[in-house]
Amino acid sequence: MRIISGKYKGRRIAPPKNLPVRPTTDMSKEALFNVLNNHFNFSELKVLELFAGTGSISYEFGSRGCSPIICVDGDMGCINFIKKTAKEFEFDITTIKSDVFKFLEKHSGNYNIIFADPPYGMSQKEFEKIVELIFDRALLDEEGMLVVEHSKYTKLNQMPNYSFQKNYGGSVFTFFEYESNDNSEED
């Protein structure tokens with residue numbers, strides 16, 4: 001795993017092999033950040049990463065100057081790895097060990113970008129609940145963007161606030177905004 005761009009471009013990060021994760025591929029990460037780069041000035045963003053795993057997406061945001069970044073994951077091994085890596089790179093990352101659904105039901109922050117990468121095996125209803133909780137709890141800034149990574153078998157384009165999606169192999173990034181685009185970016 002490597003950091004694609006920003007201050008730490010090209011730096012490799014080696015997570016422990018025993019973490020229960022499926023990291024976003026470098027190719028998918030690069031494509032995702034190309035899309036986000038067209039919408040945001042990274043140095044001014046508050047970011048929330050849900051189901052953070054290795055923290056790979058948060059390191060990309062941190063390398064590009066985003067601050068603060070909050071990572072939520074239910075696995076203590078993942079949380080400890082993110083803490084260690086954030087300290088090493090001096091990223092402004094706060095880690096929270098929590099069930100993501102419980103976190104979303106109680107949290108009251110506001111973020112420019114929320115990235116969620118749940119296990120692909122979660123049910124359709126659970127994926128939908130993530131989107132619903134984020135918008136119901138007003139966790140996304142009105143100019144912000146929610147990105148949910150999922151398999152091609154999960155369909156989220158029927159959800160309120162759907163904007164567009166991008167497909168990369170077996171992975172799909174679905175984007176949500178308060179004011180939907182004309183869906184011209186769909187692949």
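Structure shown above.
A brief report on the enclosed structure follows. These numbers come from a predicted model, not from an experiment. (Residues numbered from 1 in each chain as written. Predicted model: local features only at pLDDT ≥ 70, side-chain atom pairs only at ≥ 80, totals over all residues. Heavy atoms only, no water.)

### Description of the nonpolar core
So, step 1. Among the nonpolar cores identified, the biggest contains 35 residues, and Leu-32, Leu-36, Phe-61 and Phe-175 are the most heavily contacted of them.
So, step 2. If you list the elements that add at least two residues to this core, you get helix H1 (26-37), helix H2 (56-63), strand E2 (69-73), helix H3 (76-89), strand E4 (111-116), strand E5 (140-151), strand E6 (162-168) and strand E7 (171-176).
So, step 3. Excluding anything up to four places from it in sequence, Phe-61 contacts Phe-33, Leu-36, Phe-42, Val-47, Cys-66, Ile-69 and Ile-113.
So, step 4. One finds Val-72, Ala-116, Met-159 and Tyr-162 within the second-largest nonpolar core, a separate group that totals 27 residues. (Core = buried A, V, L, I, M, F, W, Y, C linked by side-chain atoms within 4.5 Å. Buried < 20%, exposed > 50% of the residue type's maximum accessible area, 1.4 Å probe, protein only. Helix = DSSP H or I, 4+ residues; strand = E, 2+ residues; numbered from the N terminus. Contact = heavy atoms within 4.5 Å.)

### Some remarks on the side chain of Thr-95
So, step 1. Its place among the elements puts Thr-95 in strand E3 (residues 93-97).
So, step 2. Those residues in contact with Thr-95 that sit more than four places away from it in its chain are Cys-71, Ile-79, Ile-82 and Lys-83.

### Quick look at the packing of aromatic side chains
So, step 1. By the definition in use, this model includes 13 aromatic pairs.
So, step 2. Seen in terms of ring centroids, Phe-51 and Phe-101 are 6.4 Å apart; in terms of plane orientation they differ by 75°. Their pairing is edge-to-face. Taken as a pair, Phe-51 in the loop between strand E1 (47-50) and H2 and Phe-101 in helix H4 (residues 100-106) lie far apart in primary sequence, 50 residues in all.
So, step 3. A relative accessible area of 13% means that Phe-101 is categorised as buried.
So, step 4. When the centroid spacing of 5.4 Å and the interplanar angle of 5° are considered together, the rings of Phe-89 and Phe-91 count as stacked. (Phe/Tyr/Trp six-rings, centres within 6.5 Å; stacked < 30°, edge-to-face > 60°.)

### A closer look at the layout of surface pockets
So, step 1. Taken as a whole, the largest pocket spans an internal volume of roughly 340 Å³.
So, step 2. Lining of the largest pocket is provided by 23 residues; of these, Pro-20, Phe-51, Gly-53, Asp-73 and Asp-117 occupy positions nearest its centre.
So, step 3. Sorting the residues of the lining of the largest pocket by element identifies H2 and H4 as the ones contributing at least two each.
So, step 4. Classifying every residue of the lining of the largest pocket by side-chain character gives 11 nonpolar, six polar and six charged. (1 Å grid on protein atoms, 1.4 Å probe; cavity = no way out; pocket = protein on both sides within 12 Å on 5 of 7 lines; lining within 4 Å. Points joined across faces, edges and corners; volume = space filled by probe spheres on them. Nonpolar A, V, L, I, M, F, W, Y, C, P; charged D, E, K, R; others polar.)

### Some points on the sheet that holds E3
So, step 1. Strand order in the open sheet formed by seven strands is E3-E2-E1-E4-E5-E7-E6, and the pairing between neighbours is mixed. Edge positions in the sheet fall to E3 and E6, since each has one partner strand and no second. Strand-to-strand twist of the sheet, defined as the mean angle between neighbouring strand axes without regard to direction, takes the value 15°.
So, step 2. With four bridges joining them, E1 and E2 adopt parallel strand pairing. (Pairing = 2+ DSSP bridges. Axes fitted to C-alpha atoms, helices over the stretch in contact; angles between N-to-C directions.)

### A closer look at the packing of H1 against H2
So, step 1. Following both chains from N to C, one finds H1 and H2 inclined at 45°, their axes separated by 11 Å at the closest point. Judged by the inter-axis angle, H1 sits oblique to H2. The handedness of the crossing between H1 and H2 comes out as right-handed. For the pair H1 and H2, contact is made by Lys-29, Leu-32, Phe-33 and Leu-36 and by Ser-56, Ile-57, Glu-60 and Phe-61, respectively. (Parallel < 35°, antiparallel > 145°, perpendicular 65-115°, else oblique. Left-handed = near helix turned anticlockwise from the far one by under 90°.)

### Remarks on the pattern of salt bridges
So, step 1. Scanning all chains against the criterion turns up four salt bridges.
So, step 2. Ionic pairing is found between Glu-88 and Arg-11, a salt bridge with its closest N-O pair at 3.8 Å. You can see Glu-88 sitting in helix H3 and its partner Arg-11 sitting in the segment before H1, a full 77 residues away along the chain.
So, step 3. One connected set of salt bridges, linked through shared partners, spans Lys-29, Glu-60 and Arg-64. (Salt bridge = Lys/Arg side-chain N within 4 Å of Asp/Glu carboxyl O.)

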